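Each chain, written out:
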Amino acid sequence: MPNVIRDARAIFSRAVQHVQADRLTYPRQIEACREHVRRRGGVIRVLAAGKAAIGMAVWLERKLGDAIAGGLAVVPHGYTDTCSGHIGLSDRIAVTEAGHPVPDAHGLEAASRSLDIAGNCGAADALVILLSGGASALWPAPAPTLTLYHLVRVNRILLKSGADIHQINTLRKHLSAIKGGHLAAVAAPARVLTLAISDVTGDDLSVVGSGPAAADSTTYADCLMVVEALGLDLPKVVMQHLALGARGLFLETPKPGDPRLRAVQSLVLASNRTALRAAAAEAEERGYRVVDIAHDVSGEARHIGTQFARRALSLGSRQCLLYGGESTVVVRGGGRGGRNQELVLAAACELDRSERDVIVLSGGTDGIDGPTDAAGAWATPATLDKGRKMGLDAHRSLQCNDAYTYFDGVGQLIRTGPTHTNVMDVGLALIGTN
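**Student:** Sorry if this is basic, but what is going on with the sheet that holds strand β12 (residues 425-431) here?
**Tutor:** Read across the sheet, six strands follow the order β7-β8-β12-β9-β10-β11 without closing on themselves; strand pairing throughout is mixed. Each edge of the open sheet is held by one strand with a lone partner, namely β7 (289-297) and β11 (413-414). Bridge count between strand β8 (residues 319-325) and β12: six bridges; the pairing is antiparallel. Residue Gly324 lies in a different strand from β12, and its bridge partner there is Val426. Along the sheet, helix α13 (residues 339-351) makes contact with β8, β9 (358-364), β10 (376-379), β11 and β12, crossing β9 at roughly 170°.

**Student:** I would appreciate a short explanation of the nonpolar core in the present structure.
**Tutor:** Generally speaking, a soluble globular protein has its nonpolar side chains buried in company with each other. With 57 residues, the main nonpolar core has Leu60, Leu130 and Leu322 as its most contacted residues. With eight residues, the top contributor of residues to this core is helix α3 (residues 53-64). Excluding its chain neighbours within four sequence positions, the residues that come into contact with Leu60 are Ile30, Val46, Gly65, Ile68, Val128 and Leu130. Ranked by size, the runner-up nonpolar core spans 34 residues in total, among them Ile304, Leu315, Leu321 and Val344.

**Student:** So what exactly am I meant to see when it comes to unusual backbone geometry here?
**Tutor:** The bulk of non-glycine residues show a negative phi, and the bulk of peptide bonds are trans. In this model, His100 is joined to Pro101 through a cis peptide bond whose omega is 5°. When you line up the elements, Pro101 lands in the loop between β3 (94-98) and α4 (105-119). With an omega of 10°, the peptide bond running from Ala188 to Pro189 counts as cis. Along the chain, Pro189 turns up in the loop between α8 (182-187) and β5 (191-197). Of note in this structure, Arg318 is not a glycine but carries a positive phi near 60°.

What counts, and at which threshold
Within each chain, residues carry numbers counting from 1 in the order of the written sequence. Residue-level local features of this predicted model are given only where pLDDT is at least 70; pairs of side-chain atoms are given and counted only at 80 or more, and the full residue set underlies all totals for whole chains, interfaces and linings. For the side-chain quantities, the full set of heavy atoms in the structure was used; hydrogens and water were omitted. Paired strands, as defined in this entry, are two strands with at least two bridges between them according to DSSP. The helix count covers DSSP runs of H or I at least four residues long, the strand count covers runs of E at least two residues long, and both are numbered beginning at the N terminus. In this analysis, two residues are considered to be in contact whenever any of their non-hydrogen atoms come within 4.5 Å of each other. Lines fitted to C-alpha atoms define the axes, with helix axes restricted to the stretch in contact, and inter-axis angles between N-to-C directions lie between 0 and 180 degrees. By nonpolar core is meant a set of buried Ala, Val, Leu, Ile, Met, Phe, Trp, Tyr and Cys residues that side-chain atoms within 4.5 Å join together. Exposed residues in this analysis have more than 50% of their type's maximum accessible area, buried residues have under 20%, and partly exposed residues fall in between, with area computed by a 1.4 Å probe over protein chains only.

Here you go:
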């Protein structure tokens, strides 16, 4: 394997390793919760949701032990079976699985149980909420006028719309009984501590997991603006719900200053920047000079891929570019792929037949890129020639959103399986010796 390919894979792997739950810093606020319940004779309950929920629950249990009176962690289907030795399973916090990225009845039950646990907290108690990427889909609690069917329909539409996470969560929070601060409001007057592995740009805790314990500054009117801006064809019942909410006929999500959120504290324990710092350290240890780290990258995947490849070709010998963020894909064709694979395929078209010793790699830190079993892909100037010899047309694959088929054919997918974390995407470009 050429050096740049080996090095790129190692840099990506280190980025993912450094945002695992067992690497998290133990914050003093956890001890404050322990002291709060000790003095008042209360208990600590734990709710965890997301791709890192099991790892975070085990990490917290190792710190608090029998101070935890119980709780619930919800993860995507299949995640329990992929726990490795360093993750394990919690003894005091029950684990259940649910649908992701499309919500299902298992998630509906998990959300209901979570609301019950929060509602049973008293003023002497503390509720610790562990959030990570995927929590929004795993906790589907429809607003009273809606059903799970409506949430599923909306979710499927949003996944194909090219909407960014902020637009998606603006809608989710106003269709939900758990998101947008509702979970913390149910737990009031208990002390609430949210600890998050952030999967959103800017690490906004009102967006991570759709902010179940965070005040929400968005409104029903904002939802209608998102629908109009994206041209969404949402179910009639959903549109009626949003319209009535905008007219003031439904209560808004808890806003900043809401007294029910007075006892809430929130912390981000790891983020995309954590992963990028680890990636930069690995690159430098391997003899590359990191010339730029781009944070909070967003926009359409194919456009980012093209621009990133052009920048990569301008690098000098043994130099490195890093970026982190989350791109979007507007689905135009019927192929398979994810945002990272589409980004890299666009980059491959730009790198085609260059004489530089260059690689572009991009992957999801959760190990899952779109509806595929890959985390992402990598490309060099030889990628398109390799495809041509196999009868594959990269430009046509890009047009049809079929990057997975292309990279599977040329053997350049990144497959990690579920990583039990999620801090969006990490991408890199390396130049070897020329």
